[in-house]
Amino acid sequence: MPNNTPHAFASTLQTFTTASGSTGQYWSIPQLARQYPSIQRLPVSIRIVLESVLRNCDGKKVAPQHVEQLAHWLPNAERTEEIPFVVTRVVLQDFTGIPLLADLAAMRTVAASLGKSPKTIEPLVPVDLVVDHSVMVDYYGTPQALDLNMQLEFQRNHERYQFMQWGMQAFDTFRVVPPGFGIVHQVNLEYFARGVYKSPQDTGPVPVYYPDSLVGTDSHTTMINGIGVVGWGVGGIEAEAAMLGQPVYMLTPDVVGFELSGTLREGVTATDLVLFVTNILRAEKVVGKFVEFFGPGAASIPVPDRATIGNMAPEYGATMGFFPVDDKTIAYFQNTGRTAEEIALFEAYYKAQGLFGMPKPGDIDYTKIVRLDLGTVVPSVAGPKRPQDRIDLDQLASTFAALYSQPNAANGFNQPAETLGLRHPLPSNDTTIGNGDVLIAAITSCTNTSNPSVMLAAGLLAQKAVEAGLTVLPHIKTSLAPGSRIVTEYLQKAGLLPYLEKLGFYLAGYGCTTCIGNAGDLSPEINAAIGANQLVCAAVLSGNRNFEARIHPNLKANFLASPPLVVAYAIAGNVMTDLATQPVGLGTGGKPVFLADIWPSMAEIDAKLRFATDAQAFRANYDKIKSEPGALWSSIQGTTGQVYDWPQSTYIAEPPFFGDFSLVPKMSVLGFTGARTMALFGDSITTDHISPAGSIAEKSPAGQWLLANGVPRADFNSYGSRRGNHDVMVRGTFANVRIKNLMLPPDAKGSQEEGGVTLYHSAQAAPEKMPIYDAAQKYLAAGIPTVVFGGEEYGTGSSRDWAAKGTQLLGIKAVVARSFERIHRANLVGMGVLPLQFLGTDSWQTLGLRGDEVVDVVIGGALQPQMDVTLVVHRANGLQQEVTVRLRIDTPIEVDYYQHGGILPFVLRQLLAA
């Protein structure tokens, strides 16, 4: 233990033995259950967290009462207790990892300036970064697409990759998986996760083993829940604290049990199942809760299907979507190349802990139980704007047609019904374009491309389609971006890759691509036709996110679908083709070909699955991370040394968050007065709306800054790739082309103006419309604080720390909303921004706010978690109103973070004082 204090539960340290006779020690949950018998009925996920709390109980960061509190977890107790959860490791992707590395580098700069050793700032747990977000689909439909896209990727991101290589040599526990290997979550499943761990410092004859657990800087970190690993996505600022030795603090969660029974019907995919689960759980309001799957249906589905369900936890709002360890987990480890010794340790450990096997109904006490008979799942898609909006496949055509003329408030597109069927010629050829046309068809993202059953189904459907004489129109942007190189290998071995290629689905890259907005652009004439005719065109992708303007700024309808359905809709060419009753297309000799004619059977898919379970292929692939990282990666030469020298760059800049750092925090007056409103937003404002993402428009504040700094339009790259430069990112905050600031009046048709604009108010002049960034600079120059008002689920979406960092740098002191999504609320606190929640039925609409008011936030007394505070609204007509709101600083440690100006200054002060 880190100190000389005897462990309060020393008797729970026990020994286990593997089948081969190896021994290890472990902190025994069954032994602790002798003292606290109710442990035996705790959810499995809670018991794994309890093991961490027990093992790390040092009397300092983790106290004996934390063990006792969690051991006494009750299904429906009030959640006021805070758990300090020490994770085993941290996983990063490059978009979120780069700013995190920049923060660490800035901390080292501060340490050196104060005469401290830079090595004081060092990750204390293993950190893995996978470069998977950088590749864009510039080239497609050609055998050269992969090579050409990767060459562009390295050309655009050279400075970022130099910075990563500096990080690899500067920090002892920092590892990078170069571009071209796969998506972080699939690499995490197939390679990083080893089952159980021991500390590198534990060199004794009988080491102490403990379960894998982690946090990651991508919300879909929850994919790892499919193999029984407790882990979830956090913002980069929280991950940074975890890397530097801080526990992850959280309120004791509710645990919703999800009982699965029955079996999937013929023709139904894992993607269909996950869209059902997402739709059900979003309606159950599981934000901030653990979801734990159990029952015979859960036991029957393989690990890739479990991982697909776990992956979508952010879409249904849960912290986790957890599946316990069982025989199928062991089989997955065997098939993906883990060693026999690792697997033996893994199985013996979980059996010794009493955590092996899928719980049966009645075994565990859950907060609530939700049920689904797998036999009721039907083929589905989700969209056109949110992943939880599931649509039966046979209803998509009619749903799209109805939404076309529905108002924006009803999730519609507010277009005249009589224009739905109009088509418009493209100048360069005989092609026409119209509403509902599929212009992007992408097999992409971590959700589905890790799942052999749906990837093989896509290949088999492509084979049948090609053999039937079906084709895809050349202007449809088709792409294949697998989760790892293993996928390409088994598609090749199964003889299916050539058929995908014949339909245009050539390998475009190993990365998130279209799912995170890296679809690349459409042709200029298509963009022009969409704009000139206000067309509502579509993307169909096998991703997990379809928020407005995420996939492409000109595509207003985006549908999530299984990989085989992506291929089918690429052939059909329009989402108003009813695949249940109409032909997918005309084949050889003009013969109508229906979806049923080309849909693969479960038996056909099962016959190909053997190609996806080659343990030797997995080992050989991941050995190449060290031995053959690629010529492009090996050619990069970065700076060296323990302190970064911050060369001039439009990609990487020293972050401003430590500009006035002192070893003692400057305690500020709680609350503020005289604030102006920056924006009034409706429900479901996502981090895609808030955080800079996707392409950078030339006329935007960020585009103008890049031009002024000598960057030509062709080299703008994406916001995500420039996350290491705050000058770009703050200019792109709230700049999404589909965001609607309801301060601005609607037009004559009732449509709300879109884009990152606001009305700047001053006492001296009439309101003036301008970009949010420009208004923020004027308010900052005048010393005027600002606030943002939102509705339900503010901050839904990816765990983007820049959604909070950009908010802070714009001078926004508080966000007042009906409810907050978990990660973004924590990130706001971590950046020193107050999250305030309306009570009861209150909202900015019921209060009649217009945006021209002046706002005070009054905090009476010492700052306390979840205390009530007063919002004082001074209206333009001189009237004043007081409204009570809830302070969503949820835990005592968050009070400390806020009073230190954020989590980063708090952790830095702790490290420098040690």
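Here the residue numbering is sequential within each chain, running from 1 through the sequence in written order. In keeping with the predicted nature of the model, local features appear solely for residues at pLDDT of at least 70, side-chain atom pairs appear and are counted solely at 80 or more, and the whole-chain, interface and lining totals rest on all residues. Side-chain numbers here rest on the full set of heavy atoms in the structure, without hydrogens or water.

Give me the packing of aromatic side chains: which residues, what numbers.
How two aromatic rings sit relative to each other is set out by the distance from centre to centre and by the angle between their planes. A pair of aromatic rings is counted whenever rings of Phe, Tyr or Trp (Trp by its six-membered ring) have centres within 6.5 Å, and the orientation is called stacked for planes under 30 degrees apart, edge-to-face for over 60 and tilted otherwise. By the definition in use, this model includes 29 aromatic pairs. Each ring, one from Phe163 and one from Trp646, has its centre 6.3 Å from the other, and the planes form 40°; the classification is tilted. Placement of Phe163 in helix 6 (residues 158-170) and of Trp646 in the loop between helix 25 (631-634) and strand 26 (672-680) is noted, with a sequence separation of 483 residues between them. Note on exposure labels: buried denotes an accessible area under 20% of the residue type's maximum, exposed denotes more than 50%, and partly exposed covers the range between, all computed with a 1.4 Å probe on protein chains only. Phe163 sits in the buried class, given a relative accessible area of 0%. Seen in terms of ring centroids, Tyr897 and Phe906 are 5.1 Å apart; in terms of plane orientation they differ by 70°. Their pairing is edge-to-face. Through successive ring pairs, a cluster of aromatic residues spans Phe16, Tyr26, Tyr209, Phe333, Phe346, Tyr349 and Tyr350. Here, a charge over a ring is recorded when the distance from Lys NZ or Arg CZ to the ring centre is within 6 Å and its angle to the ring normal is within 35 degrees. One cation-aromatic arrangement involves Lys778 over Tyr760; the distance from NZ or CZ to the ring centre is 5.1 Å. Here Lys805 stacks its cationic end above the ring of Trp802, 5.6 Å away from the centre of that ring. Helix and strand definitions follow DSSP, with helices as H or I runs of at least four residues and strands as E runs of at least two, each counted in order from the N terminus.

Provide a residue-level description of the nonpolar core, including the pertinent values.
In terms of nonpolar packing, the biggest core is built from 229 residues, with Val90, Trp232, Phe505, Val567, Leu595, Phe734 and Tyr794 touching the most fellow members. Considering each element in turn, this core owes the most residues, eleven residues, to helix 4 (residues 94-113). Contacts were defined at the residue level, with two residues in contact if any of their heavy atoms lie within 4.5 Å. With near-sequence residues (within four places) excluded, Phe734 lies in contact with Phe681, His689, Ile690, Ile739, Gly756, Ile772, Val788, Tyr794, Thr807, Leu810 and Ile812. Residues belong to one nonpolar core when they are buried, are Ala, Val, Leu, Ile, Met, Phe, Trp, Tyr or Cys, and are joined through side-chain atoms within 4.5 Å. Phe258, Leu260, Ile309 and Ile440 belong to the second-largest nonpolar core, a separate cluster that totals 46 residues.

Before we move on, could you go through the environment of Ala693 and cite the residues and values that matter?
Structurally, the position occupied by Ala693 is in the loop between helix 26 (687-690) and helix 27 (701-708). Along the backbone, Ala693 and Gln899 are 206 residues apart, and their C-alpha atoms lie at a distance of 30 Å. Residues within four places of Ala693 in sequence aside, it is in contact with Tyr719 and Arg800.

Break down the pattern of salt bridges for me, with residues and values.
Opposite charge on two side chains permits pairing when their charged atoms draw close. Any carboxyl oxygen of Asp or Glu within 4 Å of a side-chain nitrogen of Lys or Arg constitutes a salt bridge here. For the coordinates displayed, the defined rule picks out 40 salt bridges. Across the salt bridge formed by Lys351 and Glu347, the nearest N and O atoms sit 2.8 Å from each other. Here Lys351 pairs with Glu347, and both are found in helix 14 (residues 340-352), just four residues apart, close to one helical turn. Overall, Lys351 belongs to the partly exposed group, its relative accessible area being 47%. Residues Asp890 and Arg888 are paired through a salt bridge, measuring 2.8 Å at the closest nitrogen-oxygen approach. For Asp890, a relative accessible area of 10% translates into the label buried.

So what about the sheet that holds strand 10 (residues 230-233)? Which residues, and what values?
Strand order in the open sheet made by the five strands is 6-5-4-9-10, with parallel pairing throughout. The open sheet has two edge strands, strand 6 (174-177) and strand 10, and neither has a second partner. The sheet shows a mean angle of 20° between the axes of neighbouring strands, direction not considered. When DSSP finds at least two bridges between two strands, those strands are taken to pair. Across four bridges, strand 5 (residues 127-130) lies against strand 6 in parallel orientation. Residue pairing in the sheet places Asp128 in a bridge with Arg175 of strand 6. Note on geometry: axes are C-alpha line fits, over the in-contact stretch for helices, and angles between N-to-C directions span 0 to 180 degrees.

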